[in-house]
Amino acid sequence: MAWQCSGRSNTELIENMWRRGLITDKAVKEAFLKVDRAHYAPSSPYEDSPQAIGHAATISAPHMHASAVEHVLEYLLPTSPRRVLDVGSGSGYLTQVLAEVIGDQGKVVGVEHITALKELGEGNMRKSERGRELLASGRVQFVVGDGRKGWDDGEGGWDVIHVGASAREVHEPLIEQLKAPGCIFIPVDDDATGYGQHVWSISKDANGEITSEKLFGVRYVPLTDSPEKL
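Everything numeric here is computed off the predicted structure, so don't read it as measured data.

A.B. asks: Looking at this structure, how should I read unusual backbone geometry?
C.D. replies: Glycine aside, a negative phi is what most residues show, and trans is what most peptide bonds show. With an omega of 5°, the peptide bond between alanine 180 and proline 181 qualifies as cis. Locating proline 181 in the fold gives a position in strand β7 (residues 178–188). Residues other than glycine seldom take positive phi values, yet serine 44 does so here, at roughly 40°. Considering the arrangement of structural elements, one finds serine 44 in the loop between α2 (26–33) and β1 (51–54). Classification of serine 44 by relative accessible area gives partly exposed; the value is 44%. Located in the positive-phi region is alanine 56, a residue other than glycine, with phi close to 60°. Note on placement: alanine 56 falls in the loop between β1 and β2 (57–59).

Printed below as a string of structure tokens:
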């Protein structure tokens with residue numbers, strides 16, 4: 001069904017995903033409607049497909065971003081100020097969507113290991129008045145770092161950690177920085193042949209107990225060392 005969701009405008013794209021059940025929560029729908037994908041995709045922004053954005057990175061298909069948000073939604077809804085870490089923030093599209101979901105009391109930090117991609121996400125967000133407001137307020141921040149190590153901003157862990165590239169494993173620093181309760185959404189190279197990936201949901205309950213659930217097969221670009229460090 002996902003390939004049928006492309007539209008001629010941002011509204012049409014999101015409405016098509018809503019009608020086909022790829023977005024099921026009204027709060028998620030409203031967040032996506034607020035973020036024009038044309039500010040983030042290099043071409044054909046309302047096509048429901050991934051696109052290259054340079055530096056061996058991609059902006060995922062809109063339906064994949066919607067799936068990521070809905071799978072962690074219970075940890076995003078602003079019953080209290082929420083904190084989200086977006087590892088491999090790339091174009092910055094999902095980073096802003098996450099900020100819209102958690103509301104004005106929350107904070108989202110996008111981590112990129114390539115300076116040019118960190119600057120791309122920031123620059124894309126500055127294309128809209130709302131994006132500039134989020135950056136100026138500090139509710140969204142982009143940083144350069146090794147996302148496999150998470151990001152310690154000294155403010156006390158993360159309710160949600162979204163990883164936008166495939167990892168060889170669920171890295172321990174991410175689990176350590178996850179709040180209790182909290183949730184990680186992460187694609188993992190979990191096939192011994194080296195060709196298979198699945199998204200995993202890693203949840204930490206209020207007592208700190210960890211549970212893992214394999215969700216579905218995917219194909220993401222790898223989470224690797226930055227070429228700036230080689």
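A.B. asks: Is there a simple way to explain the packing of aromatic side chains in this structure?
C.D. replies: The geometry of an aromatic ring pair is captured by the separation of the ring centres together with the interplanar angle, meaning the angle of the planes. The full count for this structure, using the stated rule, is 2 aromatic pairs. Grouping aromatic residues by their ring pairs yields a cluster made of Phe32, Tyr40 and Tyr93. Stacked on the ring of tyrosine 93, the Lys or Arg arginine 37 has its end atom at 5.9 Å from the ring centre. One residue, arginine 83, lies across the ring of tryptophan 158, its end atom 4.2 Å from the ring centre.

Quick notes on the rules
- Residues numbered from 1 in each chain as written.
- Predicted model: local features only at pLDDT ≥ 70, side-chain atom pairs only at ≥ 80, totals over all residues.
- Heavy atoms only, no water.
- Helix = DSSP H or I, 4+ residues; strand = E, 2+ residues; numbered from the N terminus.
- Buried < 20%, exposed > 50% of the residue type's maximum accessible area, 1.4 Å probe, protein only.
- Phe/Tyr/Trp six-rings, centres within 6.5 Å; stacked < 30°, edge-to-face > 60°.
- Lys NZ or Arg CZ within 6 Å of the ring centre and 35° of its normal.

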